[in-house]
Amino acid sequence: MAAARLVRATTVALPSALCVYKCSGSKIFSKNLLAPGFPSTPQHLHYRFLVISTTSAPSYSSRSLSSSVSTGKRKQQRGLPARVLTQQSENRVLEENASGTEYEAVIGIETHVQLSTATKAFCSCPSQYGSEPNSNVCPICMGLPGCLPVLNEKCVEYGVRLGLALQSDIALKSKFDRKQYFYPDLPKGYQISQFDIPIASNGFLEVDLPVEYGGGHKKFGITRVHMEEDAGKLIHAGADQLSGSSHSQVDLNRAGVPLLEIVSEPDMRTGLEAAEYAAELQRIVRYLGVGNGNMQEGSMRCDVNISVRPKGQAKFGTKVEIKNMNSFSAMQRAIEYEIERQVGLIEGGDADKIVQETRLWEEAAQRTTTMRKKEGLADYRYFPEPDLPEVILTEEYVKSMRTTLPELPNDKRRRYETLGLSMQDILVLTNDVDVAAYFDAVVEKGSDVKMAANWIMGDITAYMKNEKLSVTELKLTPSSLAELISLIKDGTISGKIAKEVLPDLLEKGGSAKTIIEKKGLVQISDVATIEKMIDEVLAKNPSQLEAYCGGKTKLQGFFVGQVMKASGGKVNPALMNKILLEKLNG
């Protein structure tokens, strides 16, 4: 495409100093472009970012606009949630300093979860990650005059399901409100959210802390769960933040995407507890299927509020908010840094330098830096959304949602405890909903619980990691793994033979028994055959036999190796050892 033309578009509910431009080809806005979902958008129209500038717009080419930020069609990577977060000691809750005063952190988390709905919260635009910038927009999510929102009922369903999973009280009557503030990525000039009557409130979440950090069971309160819409996304050219950038671009694909905001009670005291809280919330979201919880994509975003106070003091310290953490390990490190920073200021006599502000976590520098100060509580001038009716639920509806809830992570962990698994094994298996389902399917086939867990956590997980596969992509079915374990248990094959067969099963699938028979790997368990092999080995090694009879009993291992070698590793090791000892000591 030749040099693109910047066409001044309608500015709606944005600060008057801002100019919004649409980068297009030779065509200016058409009525097709403004149709919901753009069903008949001309093929020659190229979507690019909206460019926001506080001055007159410079001249840009199509290439510079599209390549100034790497968005593209990135492959979505689900990724497994992290468990072990850092090597720093997190067993201590208190920070003790030279003065002898002990301090404790008070931590609460606000989490935004993007919902896996097909369309946005209040319009029919696709709710799709990774699309061409500004391609999933319509007059409603662009905030154009005269457009009315229509609630996506899936948002309500997912809100109720998550509220129930968090043991919350479900509001049978709730409403939407307008949260008013101005920012370039908010085209309406307000966000549709819930203020005083959220969809769910007064819940809790239970966490089992990692065994390597001392373990333990924790319960954290949930203040509320409410529905709202997301804003657009700003990209700052020439820098990774507004400061230092020459201009900013906005992609409104995300504007109007449905969110659930989960607000915790300030019940956490360490970075480890906060990270494990967030990881457990991610697991619940994935178990329910209401979202993918991918922090790298921004599908799950956590803002941490943290203050410190002397141990025993009831009054909270000055609260600082931390943003820009895209992993649980980053969250833990950010909290650890912020605790040390605040305690250091207090101990140094600079407590007044701890101010209410928003700070960003800088991953490269491993520190938090000031983003903006908060001189007081923001006045968002909430009032009921006049274009949406109240959300009225019935007891029957809530009951039907409760009956369809899957087994949740905490319930699954408690059930696995009754199976005799260690907490270490339990945390690994329940960390991913698909791995847990795979394990359950293997056990349902009658497999030994511990053997199933060991095979999944050992060789199979190593294969998935090496091949970059998820458990749902394995060609080894739960039935085939159960069959392999059964063959080991009944003595048909040894564990060593099973490891030889496993690669074929992982790469090609099929029946374990068929592969074993085809390769002639069936374990030798016939007593007469084993006795004959042992006799031959003893006859070939008279000096070693004489030395064994003279008291060098460690030579038993030598004879075992010789018999295994003679059998090609196929002999039943337990039976062979029994017969060998009888002959050596007879």
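Residues numbered from 1 in each chain as written. Predicted model: local features only at pLDDT ≥ 70, side-chain atom pairs only at ≥ 80, totals over all residues. Heavy atoms only, no water.

Draft legend 1. Quick look at the overall build of the chain. Along the chain, the regular secondary structure elements total 17 helices and 20 strands. Taking all 586 residues of the chain together, 50% fall into the buried category. For the chain, restricting intrachain contacts to residue pairs at least 6 apart in sequence, the fraction spanning at least 24 positions comes to 70%. Summing over all exposed atoms, the chain offers an accessible surface of approximately 27800 Å²; the carbon and sulfur share of this is 52%. (Helix = DSSP H or I, 4+ residues; strand = E, 2+ residues; numbered from the N terminus. Buried < 20%, exposed > 50% of the residue type's maximum accessible area, 1.4 Å probe, protein only. Contact = heavy atoms within 4.5 Å. Areas by Shrake-Rupley, 256 points an atom, 1.4 Å probe, with all protein chains shown as cover.)

Draft legend 2. Structural context of the packing of helix H14 (residues 527-540) against helix H17 (residues 573-585). Interaxial distance between H14 and H17 falls to 10 Å at its minimum, and their mutual angle equals 50°. With respect to H17, the element H14 is oriented oblique. The handedness of the crossing between H14 and H17 comes out as right-handed. Residues Val527, Ile530, Glu531, Ile534, Asp535 and Leu538 of H14 lie in contact with H17, whose contacting residues are Leu575, Met576, Ile579, Leu580, Lys583 and Leu584. (Axes fitted to C-alpha atoms, helices over the stretch in contact; angles between N-to-C directions. Parallel < 35°, antiparallel > 145°, perpendicular 65-115°, else oblique. Left-handed = near helix turned anticlockwise from the far one by under 90°.)

Draft legend 3. Summary view of the state of the cysteines. With the rule as written, the count across this model stands at zero disulfides. Of all cysteine sulfurs, the one in cysteine 138 lies closest to cysteine 147, which takes part in no disulfide; the gap is 7.1 Å. (Disulfide = S-S within 2.5 Å.)

Draft legend 4. Region of interest: the pairing of strand E14 (residues 258-264). With seven of seven residues buried, E14 lies mostly within the body of the structure. Burial along E14 is two-sided: the face carrying Pro258, Leu260, Ile262 and Ser264 and the face carrying Leu259, Glu261 and Val263 are both buried. The sheet contact formed by strand E5 (residues 102-114) and E14 spans five bridges and is antiparallel. Its bridge partner being in E14, threonine 111 is matched across the sheet by isoleucine 262. Examined bridge by bridge, strand E11 (residues 217-229) and E14 share seven bridges and lie antiparallel to one another. Note that in E14 the partner of isoleucine 222 across the bridge is serine 264. (Pairing = 2+ DSSP bridges.)

Draft legend 5. Examining H17 more closely. Along its 13 residues, H17 runs 18 Å from first to last C-alpha, staying within 8% of the 18 Å computed at 1.5 Å per residue. Taken together, the buried positions of H17 are Met576, Ile579, Leu580 and Leu584. For H17, the arc enclosing every buried residue in end-on projection is 130°, short of the 170-degree limit, so these residues lie on one face. In H17, the exposed positions angled more than 90 degrees off the buried face are occupied by Ala574 and Asn585. Each element contacted by the buried residues of H17 is listed here: H14, helix H15 (542-549) and helix H16 (556-567). (Expected span 1.5 Å × (residues − 1). Arc of directions from axis to C-beta.)

Honestly, it's all geometry; don't read function into it.
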